[in-house]
Amino acid sequence: MKNSDEKKNVMGCMIRDKKFAFKRKKSFRNIGIFLIVAVLLTFSMPIYGEEARENTPKEEVVYVNMTADGTVKNMNVVNIFELAQETQVLDYGDYDSIKVLNSTKKAANKLGMVTLTAPKGRLYYEGSLKGKELPWIVKVRYSLDGKDTTPDKLVGKSGAMTITVNISKNEAVEGTFFEDYALQTNILLDTYKAKNIKADHMTVANVGAKKQLTYTALPGKGANFTVEADVDDFQMDGMTVNAVPLNLDIKVDDRELLDKIDELKGATGELSHGSAELSDGMKTFKTQGTDKIYTGVNRMEEALQQLDSHSKELSGGSEEFREALEEVNRRLEDFKGGTENLTGLKDGSKEIAQGIESLVNGMTQLEQGVNYQAYKNLLMERGLDLDELQRGNQVAASKVDELVASLNSLADQMEALGLKDKAAELRVQINGISELKTLAEGNNAGIKGTEIYLDGVNDKLKVLVGGGTQLQGSYKQFDEKISELVDSLSEISVKMSLLAQGINRLVLEYEKLDGGVEAYTDGVSKIAYNYGEMAAGVSDLNNSAQKLVEGSEALKEGNSKLDREADKMKTEAKNKIDNLMGNVNGSKKPVQSFVSSKNTNVNSLQFAMKTDSVEKPVEKKPEAKEKEKETFFKKLFKLFRD
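Attention here is on the structure that accompanies the text. None of the values given here were measured: they were computed from a predicted structure. (Residues numbered from 1 in each chain as written. Predicted model: local features only at pLDDT ≥ 70, side-chain atom pairs only at ≥ 80, totals over all residues. Heavy atoms only, no water.)

## Here we look at the nonpolar core
- Ranked by internal contacts, the top residues of the largest apolar core, which has 57 residues, are Trp136, Val227, Phe607 and Met609.
- Setting aside anything within four residues of it in sequence, one finds Phe607 in contact with Val62, Leu134, Pro135, Trp136, Phe177, Tyr181, Val241, Asn242, Ala243 and Phe594.
- Counting residues in hydrophobic clusters, the runner-up holds nine residues, among them Ile352, Val457, Leu464 and Tyr475. (Core = buried A, V, L, I, M, F, W, Y, C linked by side-chain atoms within 4.5 Å. Buried < 20%, exposed > 50% of the residue type's maximum accessible area, 1.4 Å probe, protein only. Contact = heavy atoms within 4.5 Å.)

Quick look at the structure:
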């Protein structure tokens, strides 16, 4: 009986223990469900009601994959955040999918918003854009032996190949990306497969056994260029197009040039005034000089014809002729000062040419000082050796690989011993350690990017120096024309001076002639007979004087026009310089987000576009199916399942 009671008590205790255990499991399950709901609410609540908030400050890098003819295949954006502390990141973008690249943190992507809680440091996440167009339309055409072809048909072919690239503005895209971003297009050609390469308006550099062809376009200009080569068994790497904001912050002191233009304006004013005086003097010379000479010669001819019978009339005509010569002499004396200011114009033009030369020399010095090697030397002076830093990053990456391999081996051993949970925790830590390698390699990539950027800037400065040199050559031709004009006017002045001297001497000698008229009365008949030829010569002189008057009037009008154009020259030169420097210095306005207009805190934006390679297809091996990863929520459910 006692044994039976004991059995009943034992059975009752077992039933109570099982009920208690069931209730405890149920309680744990309820607690687990409650915790899961709480975590879900924690992750989902910040997604709603965020429209009024500004996005977290970031950088955008847009990566675009294209077909070989420039058609966009897909577009991904890497968003980069520099977080001073653990932060609730908020970003806007219409993404098909997102992926955090350097953290195990999960991000929410709902209603055009991306949110996650990220630790202190640098955060990268990638988003796949949907339904987005580029600000540029890229078109790449290929031809072989003068006939258009497609990239797939060009693979492995030989002949005379031409690649034509055209990059223009996409009018369907809003914003000022086309106007604010410079383009750099790079094409790599294998020198074993491409010979006799021609690439006008492009820089050519050797990269191992390949030729790198680079075309740089200033903001708002687009690109249009052609590459020609003789190819054999042709293949080519993908073409890259990078778009970055151009902001060199170059200062140009144009005061000296503008001051020289002011001096030129003063000189053209004086030249215009002088040519007006010359024109007036020539009119006076014609009306008061050669006209009177012509009239006097005609009268003298009549007087000579009548001198035989009218000696007194001959004497009167001789006196009148002498007075006319004196009047001409006085007029020519007035003309001598009309070209004194021509030297000022010539000297002013020389000074402008020297100013342009100084400007070109300054730009050349700037081009020599802005490059990656100079940047490295400067950092070396400050105690930072970039080459040593890169080697250190490589060593660190190698050490991280070794450490990760050792820890993976340890995790395998722990799993073999049945410590699966501890092994899983160790593998999470291994993933965090692996990110150190990414950071080291990213640092080296940043250094390499700085090298490419500074050397690219140096190439743009070379283009600027070339433009200045062209300006210098063009103005040299202008200066030569001014010198020729001044020399021509000086020759006219010398000839007029000689004419004045001759007439002055003629006046002096004519007094003697006038006194001897009576003595030559007997020879008047012969003089009158031959005087017709002299009258014809004077007529020619008068006609020539008329042409000189017309020429001086044309010179007056030309110099007046030159003076008016000089008024515009300063404004036009200032506008040209401002436009040129505006393209180089770039826009000062805030960076506009490409992803969403709601992103108002964007520190930088750049585009990296690449076309498919023109190459023979490679057979792809079937990829091994990845083992499904155990998510945080699956782990949480598993914890409270039993």
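## Some details on the sheet that holds strand S12 (residues 194-198)
- Taking strand neighbours across the sheet as the criterion, the five strands line up as S9-S8-S10-S15-S12 in an open arrangement whose pairing is antiparallel. In this open sheet, the two strands that pair with only one neighbour each are strand S9 (147-149) and S12. The average undirected angle you get between the axes of adjacent strands in this sheet is 30°. (Pairing = 2+ DSSP bridges. Helix = DSSP H or I, 4+ residues; strand = E, 2+ residues; numbered from the N terminus. Axes fitted to C-alpha atoms, helices over the stretch in contact; angles between N-to-C directions.)

## Quick word on helix H7 (residues 372-381)
- Within the sequence span of H7, burial applies to Tyr372, Lys376 and Leu379. Looking straight down H7, one finds that the buried residues subtend no more than 65° of arc, so they occupy a single side.
- Looking one or two residues past H7, Gly383 carries a phi angle of roughly 100°, positive in sign. (Arc of directions from axis to C-beta.)

## Observations regarding the pattern of salt bridges
- Throughout the structure, instances matching the rule amount to 16 salt bridges.
- For Asp233, the salt bridge goes to Lys193, with nearest N and O atoms at 3.4 Å. In this pair, Asp233 is assigned in the loop between strand S15 (223-231) and strand S16 (240-245) and Lys193 in the loop between strand S11 (181-190) and S12, connecting sequence segments 40 residues apart.
- Look at Asp233 and you get partly exposed, because its relative accessible area is 27%.
- A salt bridge links Lys616 to Asp233, with the nearest nitrogen and oxygen atoms 3.7 Å apart. Pair noted here: Lys616 is in the loop between strand S17 (602-611) and helix H11 (632-639) and Asp233 is in the loop between S15 and S16, with a separation of 383 residues, a long-range link.
- Classification of Lys616 as partly exposed rests on a relative accessible area of 43%.
- Here the residues in one salt-bridge network are Lys58, Glu60 and Asp91, joined through shared partners. (Salt bridge = Lys/Arg side-chain N within 4 Å of Asp/Glu carboxyl O.)

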